[in-house]
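As a plain string of letters, each chain reads:
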Amino acid sequence: MNIKALAGKIGLDYEKTIEDFCGDVSALGAKLKGFAAACNIDELKSAMDDNNIAAIKKAAHAIRKASEKVGITPLAKAASRVEEAEDAKIASACQTLIEKYNEVIEYLDKEEY
């Protein structure tokens with residue numbers, strides 16, 4: 001996996017993330033490989049279906065933390081917007097988060113591990 005080339009496509013802050021991983025590209029690759037599972041987007045979708053605001057914000061928090069750990073800033077910001085959204089605007093914020101998540105996963109799925 002060429003993480004440096006992938007970084008620009010998914011908004012990963014390569015230099016900072018490599019520093020956070022103490023230069024261990026293999027460990028970062030492993031985290032990226034398990035990224036979709038760490039996000040558990042189905043939990044967010046289920047909470048949206050149930051219109052459970054607390055569960056939506058909890059799922060968004062998990063996505064934000066997973067994104068921050070691997071340095072995917074745009075996705076972390078989208079998740080943060082869901083966490084902070086007023087109830088009336090949460091559906092729109094969730095849609096944006098899901099779109100950003102799908103973009104990231106599309107690129108990650110194309111990579112060979």
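None of these values were measured; they are calculated from a predicted model.

Got a minute to help me understand the side chain of Arg64 in this structure?
Tracing the backbone shows Arg64 in helix α6 (residues 53–69). By relative accessible area, which is 17% here, Arg64 ends up buried. Side chain to side chain, Arg64 and Glu83 meet in a polar contact 2.4 Å long. Non-local contacts of Arg64, meaning those with residues more than four positions away in its chain, are made with Ala76, Ala79, Ser80 and Glu83.

Even after reading the chapter, I still don't get the environment of Tyr107, so can you show me in this structure?
Within the secondary structure, Tyr107 sits in helix α8 (residues 90–110). The class for Tyr107 is partly exposed, based on a relative accessible area of 30%. With 45 residues separating them along the chain, Tyr107 and Ala62 place their C-alpha atoms 20 Å apart.

Please explain the nonpolar core as it appears in this structure.
Across soluble globular proteins, nonpolar side chains show a tendency to be buried alongside one another. Leu32, Phe35, Leu44, Ile72 and Leu97 are the most contacted members of the largest nonpolar core, which totals 35 residues. Of all the secondary structure elements, the ones that give two or more residues to this core are α1 (3–10), α3 (25–33), α4 (35–39), α5 (41–49), α6, α7 (73–84) and α8. At nine residues, α8 tops the list of elements feeding residues into this core. Setting aside residues up to four positions removed in sequence, Ile72 forms contacts with Ile10, Gly11, Leu12, Leu32, Phe35, Ser67 and Val104.

Scoring rules and cut-offs
Residues numbered from 1 in each chain as written. Predicted model: local features only at pLDDT ≥ 70, side-chain atom pairs only at ≥ 80, totals over all residues. Heavy atoms only, no water. Helix = DSSP H or I, 4+ residues; strand = E, 2+ residues; numbered from the N terminus. Buried < 20%, exposed > 50% of the residue type's maximum accessible area, 1.4 Å probe, protein only. Polar contact = N/O pair within 3.5 Å; in protein donor to acceptor, adjacent residues only side chain to side chain. Contact = heavy atoms within 4.5 Å. Core = buried A, V, L, I, M, F, W, Y, C linked by side-chain atoms within 4.5 Å.

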